[in-house]
Amino acid sequence: MKHVFMVFNEVQNKMLKLFKKRPTFPPKKVLVLEGGGMRGIFLVGVLQAFAERGYFPWKLVIGSSAGALTAAAYIAGQIYLARDAFFTKLLSNRFIHYSNIFRQDKHILDLDWMIDSIINSKEKLNIKKLRQSCPLLITATVVREHLPPETIYLDSKTDDPFIALKATAALPYLYKGFVHYNEHLLLDGGLLAPMPYQKALSLGYREKDILVVLTRPKGYRKKEESFWIRNIFERYYKDPKYTHLVESLLSRYEIYNQILDELENKYKGIEIIYPPADFEVKRLTQDEKKILAGFEQGIYAAVTYLGSTHET
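Because the structure is predicted, anything quoted here is derived from the model rather than measured. (Residues numbered from 1 in each chain as written. Predicted model: local features only at pLDDT ≥ 70, side-chain atom pairs only at ≥ 80, totals over all residues. Heavy atoms only, no water.)

Engineer: Tell me about the overall build of the protein chain, and please be specific about residues and values.
Structural biologist: Of the regular secondary structure elements, the protein chain holds 13 helices and 8 strands. The buried share among the 312 residues of the protein chain stands at 54%. Across the protein chain, contacts joining residues at least 24 apart in sequence account for 79% of those joining residues at least 6 apart. About 14200 Å² of surface is accessible on the protein chain, with carbon and sulfur atoms providing 52% of the total. (Helix = DSSP H or I, 4+ residues; strand = E, 2+ residues; numbered from the N terminus. Buried < 20%, exposed > 50% of the residue type's maximum accessible area, 1.4 Å probe, protein only. Contact = heavy atoms within 4.5 Å. Areas by Shrake-Rupley, 256 points an atom, 1.4 Å probe, with all protein chains shown as cover.)

Written as structure tokens, this is what we have:
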């Protein structure tokens, strides 16, 4: 994959030439990042362009799943850790194990290996800087027996980052079982809070203070789960104490679409960066060319946002 890294500087230089003069950066306060597995490469491109331009106005960052992982690297001043992970570790046969689809005790997504290889790699994530910078709120879903699941926000300043980042990315069924933290059983933070801008609003931030970066093109709406996916969830979480979890899993397309509808139509003061219409990366994409294209599209979107939209 050496040729992938050889083009990084060329791509960045090409994108940064879009600036005709030094822009006046938008005075935002809260950055909200959607998740989406390998679609997170778009976020990496956006955040790398932000880092290159020294754009860090944030009082708060909120992320779900891949959004939280990329945010942690960005806040720690090490966005390249997330970038390199997408082009090496996450494309390796160590991360996705399709052979475990029908095994009850083996993960399809090896999150333990993924998080450990990023946080505790040769150059470790700078946890000290992460804790000293602006807060990162990491979403996770608390699974409660015989009760509806609810969203919890784990804090980079007080909670274990390894567990928080694993919990927010623990996709139901693809990660078998639950992530245990204190008294909680945790799963994917994107289940109930896929783009958690509502948390920023609840904390008193104004719409104009918030920037949301999504990982699906404008106009996307989630469809109802297929018969096969419904069957998998119903079989795997067949214990009656998880009835409410299954209900949430089967209705998550409605939850997602409602949250997105409100973002686009009710809270029009919130700015949004979308991937372009030809963004081809899916949750489990393993095509290196598509990943590279998604990274370039993220850089372009960020440079356009900072340079063209807000230039004076």
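From this point, the narrative continues.
Engineer: I'd like a description of the nonpolar core, backed by residues and values.
Structural biologist: Phe50 and Tyr237 are the most contacted members of the largest nonpolar core, which has 74 residues in total. Broken down by element, this core gets its largest block of residues, 9 residues, from helix α13 (residues 288-309). If near-sequence neighbours (up to four positions away) are discounted, Phe50 is found in contact with Tyr55, Trp58, Tyr74, Leu211, Ile273, Ala302, Tyr305 and Leu306. Residues Ile210, Tyr267, Ile270 and Tyr274 belong to the second largest nonpolar core, which totals 18 residues. (Core = buried A, V, L, I, M, F, W, Y, C linked by side-chain atoms within 4.5 Å.)

Engineer: Account for the pattern of salt bridges, with residues named and values stated.
Structural biologist: Summed over all chains, the structure comprises 10 salt bridges. Between Glu271 and Lys28 there is a salt bridge, and its shortest N-O distance comes to 3.0 Å. Placement of the pair is Glu271 in strand β8 (residues 271-273) and Lys28 in the loop between α2 (8-16) and β1 (30-33), with a sequence separation of 243 residues. Overall, the relative accessible area of 24% leaves Glu271 in the partly exposed class. Judged by its relative accessible area of 6%, Lys28 is buried. Arg144 is the partner of Glu150 in a salt bridge, and the nearest nitrogen-oxygen pair spans 3.7 Å. With relative accessibility at 28%, the residue Arg144 sits in the partly exposed group. One connected set of salt bridges, linked through shared partners, spans Arg221, Asp261 and Glu264. (Salt bridge = Lys/Arg side-chain N within 4 Å of Asp/Glu carboxyl O.)

Engineer: Requested: an account of the packing of helix α3 (residues 41-52) against helix α5 (residues 79-87), with residues and values cited.
Structural biologist: Where α3 meets α5, the axes come as close as 9 Å, and the angle between the chain directions of the two elements is 150 degrees. With respect to each other, α3 and α5 are oriented roughly antiparallel. Read as a crossing pair, α3 and α5 show a hand that is left-handed. Packed against α3, whose contacting residues are Ile41, Val44, Leu47, Gln48 and Ala51, the element α5 presents Ile79, Ala82, Arg83, Phe86 and Phe87 at the interface. Residue composition of the contact of α3 with α5, grouped by class: 8 nonpolar, 1 polar and 1 charged. (Axes fitted to C-alpha atoms, helices over the stretch in contact; angles between N-to-C directions. Parallel < 35°, antiparallel > 145°, perpendicular 65-115°, else oblique. Left-handed = near helix turned anticlockwise from the far one by under 90°. Nonpolar A, V, L, I, M, F, W, Y, C, P; charged D, E, K, R; others polar.)

Engineer: Explain the packing of helix α11 (residues 243-250) against helix α12 (residues 252-265) residue by residue, including any values.
Structural biologist: One can describe the packing of α11 onto α12 by two numbers: an axis separation of 4 Å at closest approach and a directional angle of 55 degrees. When the axis of α11 is compared with that of α12, the two are oblique. Across from Ser248, Leu249 and Leu250 in α11, the residues of α12 making contact are Arg252, Tyr253 and Ile255.

Engineer: Run through α12, naming residues and quoting values.
Structural biologist: The first and last C-alpha atoms of α12 sit 20 Å apart over 14 residues, in line with the 20 Å expected at 1.5 Å per residue. Taken together, the buried positions of α12 are occupied by Arg252, Tyr253, Tyr256, Asn257, Ile259, Leu260, Leu263 and Glu264. Looking straight down α12, one finds its buried side chains confined to an arc of 165 degrees; they lie on one side. In this structure, the buried side of α12 is in contact with α9 (197-202), β7 (210-213), α10 (227-236), α11 and β8. (Expected span 1.5 Å × (residues − 1). Arc of directions from axis to C-beta.)

Engineer: Would you mind going over the packing of aromatic side chains in detail, with residue names and values included?
Structural biologist: Under the definition given, this model contains 14 aromatic pairs. Judged by centre distance (5.4 Å) and plane angle (75 degrees), the rings of Tyr55 and Trp58 are edge-to-face. Seen from their ring centres, Tyr173 and Tyr236 are 5.4 Å apart, and the 80 degrees between their planes marks the pair as edge-to-face. You can see Tyr173 sitting in the loop between α8 (161-168) and β5 (179-181) and its partner Tyr236 sitting in helix α10, a full 63 residues away along the chain. You can call Tyr236 buried: its relative accessible area is 18%. Taken together, the aromatic side chains of Tyr173, Phe178, Tyr236, Tyr237 and Tyr242 make up a single cluster linked through ring pairs. The ring of Tyr173 has Lys176 lying over it, and the distance from NZ or CZ to the ring centre is 4.8 Å. (Phe/Tyr/Trp six-rings, centres within 6.5 Å; stacked < 30°, edge-to-face > 60°. Lys NZ or Arg CZ within 6 Å of the ring centre and 35° of its normal.)

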